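# Per-entry structural report
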Amino acid sequence: MGVIITPAMVGQVVISGLLAGALYSMVALGLALIFGVMRVINVAHGTILMLGAYTTFWWFQLLGINPYLSLLVSMPLMFLLGAFLQRSMVHRVVDAPELSSLLLTFGISIALVNVTQYAFSSDVRSVEFLTGSFLVGPLALSKSRLISFAFAVGLTLFAFWFLQKTKLGKAIRATSQSREVAMVCGVNVQRIHLYAFGMASALAAAGGSLVAVIVAIQPEMGQVYTFKSFLVIVLGGAGNYPGALLGGMLLGLVEQLSSLFLTTQVSEAVAYVLLVLVLLLRPTGLFGGRST
Amino acid sequence: MRTAFRSVTGLATALVVLAGSWTPASAQAPIKIGASLSLTGTYAALGQNQHRGYQLCAKHVNEKGGVLGRKIEFVLYDDQSQPATGVRLYEKLITQDKVDLVMGPYSSAITEAVANVNEKYKMPMVAPMASTTSIFKKGRKFIFMVQSAAEVYLEGLVEMAAKRGLKTIAIINEDTLFPKATVQGTIELAKKNGLQVVFVEAYPKGNPDFSAILTKIRAANPDVLGAATYFDDAVAITRQMKELNVNPKMYGVTVGGDLPTFYQLLGKNAEFVYGATQWEVELPYPGAKEFLQAYTMEFPGRDLSYHSAGGYGGCQVLVEAIKRAGSLDGEKIREAVLKLDINTVYGGFKVDEGGFQISHKMVTFQWQEGKKVIVWPDELAAGKALFPTPPWTRR
């Protein structure tokens, strides 16, 4: 039993897809950074997003201040946590076989989720700040999603500018292109790894703070975002930073359009079928592999 | 030595049995009722609530002199929320502890597993906390259902809508066993009440984004939206309905909508939402007030939920059946249960030939000013439904 799909409906879900996609892009950019620089797949990426969401929740709950301002707290906090994790554990597996980094970050993720459960319980929380939408003709634009979208686009553009223009950004890109050459050119690779992990965690935290005002918060919420980020960087080409941006938007659109034309049940399957197809046909990603 | 011990205990037992037949009724050994409950593990909180219901029931029955002149006593084990453990424990209860009767465990899953054990020994089991229809449709003869089935969770919503002249309904559900059964039942109920089902779609468990499905619903423009939910999805759907400006005249959810957290999370946006529940504290069932008082006295500060009332009510059913059967014989008690048509603190009890519940009513409430106001069925309603639900833009 379905309904006839009208252009207005397509417009509505395309908007939803882009709004969600921008968040995916930003979060996935973090995962791409870590993979690009260290060749480590960080399974704990979504977990850090979850911690960012809790930071926003407590900020709003205890202080009652605009939850978007909590970005100023969650991002630096998670930058520090990320840097700490890198320095204390992850750096040991940088050159180890991939399975080691998977296992390690998986372990970190389980530990952090359980500590969160212990500290904050598994009760579902939410930040009721801006609900409802702007109505534009037949379209409804969710206020909280629009604002989160704007922040995500802003932060992602800033991250790109940082990677392109600053000395540290250039060093990060150099390291992800070739660690040896970067080292020969005098880049302190250890330090770059630390910054990259911190930045990536800050991006995840920003994602957490921004989804906190949209969806319910609970200790296991991060997992989906790890999977989605992974999907995005495979679609975009692992280690390809602009690819992550496009991949995120593409994933948002694919999810929404397949939910509309097919059903919500299969939309996830569609995304993963796409993943398999990309791996089979264009293993370097839809938008080319990492530049060498 | 061991043989000697055995023959001594054997002799002692024989003596007790013989003595039993001579002593006055009150001095007889208690009737032993066995059960396993989820006191630890995933279902611990709910299993413990049910446990307190059993305990309180036994206390009350014994205060009134017991049944058949004997006191009742629960032999209880912890199944750790595991169906396999439950099966082992019911075997032990029946074969080693030699209990006279059994009561059900917590949850459909564990009930389904242990139902084969009591069936094998032809021992009647009143199962208060299983509402999956299929358990009672497998030709089993010794299991009896106490609460309403998944299929009728949205009965109140559908009937109220039909009464108010609404014509169309959309139904969405989480794609798992229980909500699926609710959808099947709701489609039937809608047909029966002359509502046209204009949209049906399932979504996967854990789905956080309902934009597309709600966009389709907005296009289908149904008078009524029924969602067969658990909890997270009930919250997310309500929130996103506001975001996408979806405005049915009535909107109801199933599981999760009755929890206080539902309102805490959604605040004002939960207003006007209908929900379904097996039992509420303020329902005017016979003995419910006394149950509530006794419960808070006996277990101060402990959680009280429909699981507690269900445990108590299920135990009431069994005791009544023993009384009417006048015996502890399994077949006779079965006959008696099948003939029962009574009200417990948990609501009506009457089962069909297969042990399937046909009298217990789900009640429908509506969130009004932060409170759950029971609005259906009429004879239990505490207030009037606020109808129609105003569009989001005018709240």
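Criteria and cut-off values
Residues numbered from 1 in each chain as written. Chains lettered and ligands numbered in written order. Predicted model: local features only at pLDDT ≥ 70, side-chain atom pairs only at ≥ 80, totals over all residues. Helix = DSSP H or I, 4+ residues; strand = E, 2+ residues; numbered from the N terminus. Rg over C-alpha atoms; globule rule 2.2 N^0.38 Å. Buried ≥ 20, exposed ≤ 12 C-beta atoms within 10 Å, placed from the backbone. Contact = placed C-beta atoms within 7 Å. Axes fitted to C-alpha atoms, helices over the stretch in contact; angles between N-to-C directions. Parallel < 35°, antiparallel > 145°, perpendicular 65-115°, else oblique. Nonpolar A, V, L, I, M, F, W, Y, C, P; charged D, E, K, R; others polar. Pairing = 2+ DSSP bridges. Domains from an automatic or database assignment. Expected span 1.5 Å × (residues − 1). Bend = angle between axes of the 7 residues up to and from the residue. Core = buried A, V, L, I, M, F, W, Y, C linked by C-beta atoms within 7 Å.

## A few points about the overall build of chain B
- A count of helical and extended segments in chain B gives twelve helices and 14 strands.
- Computed over the C-alpha atoms, the radius of gyration of chain B is 23 Å, within 12% of the 21 Å expected from 2.2 N^0.38 for a compact globule of 395 residues.
- Dimensions along the principal axes, computed over C-alpha positions, put chain B at roughly 85 × 40 × 35 Å.
- Counting every position in chain B, which comprises 395 residues, the buried fraction comes to 51%.
- By sequence separation, contacts in chain B at least 24 residues apart represent 69% of the contacts at least 6 residues apart.

## Some points on the packing of helix H5 (residues 143–165) of chain A against helix H6 (residues 167–177) of chain A
All names here are of chain A.
- Between H5 and H6, whose axes approach to 5 Å, the crossing angle comes to 80°. Relative to H6, the element H5 is oriented roughly perpendicular. On the side of H5, the interface is formed by Phe-162, Leu-163, Gln-164 and Lys-165, while H6 contributes Gly-169, Ile-172 and Arg-173.
- Considered class by class, the residues forming the contact of H5 with H6 number three nonpolar, two polar and two charged.

## Regarding the sheet that holds strand E4 (residues 125–127) of chain B
Residues and elements named next belong to chain B.
- A sheet is described by the order of its strands in space; here five strands give the open sequence E2-E1-E3-E4-E5, paired in parallel fashion. Looking at which strands have only one partner, the edges of the open sheet turn out to be strand E2 (72–78) and strand E5 (143–145). Taking each pair of neighbouring strands and ignoring which way they run, the sheet shows an average axis angle of 25°.
- With two bridges connecting them, strand E3 (residues 101–103) and E4 associate as parallel partners. Within E4, the position partnered with Val-102 by the bridge is Met-125.
- Seen against the sheet, helix H2 (residues 44–63) touches strand E1 (31–37), E2 and E3 and runs at an angle of roughly 165° to E2.

## Side note on unusual backbone geometry
Residue and element names in this part refer to chain B.
- Geometrically, the link from Trp-376 to Pro-377 is a cis peptide bond, its omega value of -5° lying close to zero.
- Topologically, Pro-377 is positioned in the segment after strand E14 (371–376).
- Cis peptide bonds are those with omega within 30 degrees of zero, and the linkage from Phe-387 to Pro-388 qualifies with -10°.
- Here Pro-388 shows up in the segment after E14.
- Positive phi, normally seen in glycine, also occurs at Lys-98, with a value near 50°.
- As for its placement among the helices and strands, Lys-98 is situated in the loop between helix H3 (83–95) and E3.
- What makes Lys-98 exposed here is the crowd of 10 C-beta atoms within 10 Å.
- Its identity is not glycine, yet Asn-221 carries a phi of approximately 45°, on the positive side.
- Along the chain, the position of Asn-221 falls in the loop between helix H7 (211–220) and strand E8 (224–228).
- Judged by local crowding, Asn-221 falls into the partly exposed class, with 14 C-beta atoms found within 10 Å.

## Concerning the interface of chain B and chain A
- Between chain B and chain A, the contact holds 32 residues from the first and 30 residues from the second.
- For the side of chain B that touches chain A, the secondary-structure elements that each account for two or more residues are strand E7 (196–203), H7, helix H8 (232–243) and helix H9 (260–266) of chain B.
- In terms of residue class, the side of chain B that touches chain A is built from 17 nonpolar, seven polar and eight charged.

## Digging into the domain arrangement of chain B
Residues and elements named next belong to chain B.
- As assigned here, chain B comprises domain 1 (24–148 + 284–349) and domain 2 (151–277 + 362–394).
- Domain 1 and domain 2 are separated by 32 Å when their C-alpha centres are compared.
- Listed by partner, the interface residues are five residues for domain 1 and eight residues for domain 2.
- Here the residues of the side of domain 1 that touches domain 2 sort into two nonpolar, three polar and no charged.

## Brief notes about helix H4 (residues 108–120) of chain B
Residues and elements named next belong to chain B.
- Between the first and last C-alpha of H4 there are 19 Å, a value that for 13 residues agrees with the 18 Å anticipated at 1.5 Å per step.
- Taking the largest bend as the criterion, H4 deviates by roughly 30°, centred on Val-114.
- Turning to H4, its buried residues number three or more, namely Ile-110, Thr-111, Ala-113, Val-114, Ala-115, Val-117 and Asn-118.
- Packing partners of the buried residues in H4 comprise H3, E3, E4 and E5.
- Backbone geometry just after H4 places Lys-122 at a positive phi near 50°.

## Focus: the nonpolar core
- Core analysis: the biggest nonpolar cluster contains 202 residues, and A:Leu29, A:Ile34, A:Ala196, A:Leu203, A:Ile233 and B:Val102 have the highest contact counts within it.
- Considering each element in turn, this core owes the most residues, 19 residues, to helix H1 (residues 7–38) of chain A.
- Once residues within four sequence positions are removed from consideration, A:Leu29 is found in contact with A:Thr156, A:Ala159, A:Leu203, A:Tyr241, A:Ala244 and A:Leu245.

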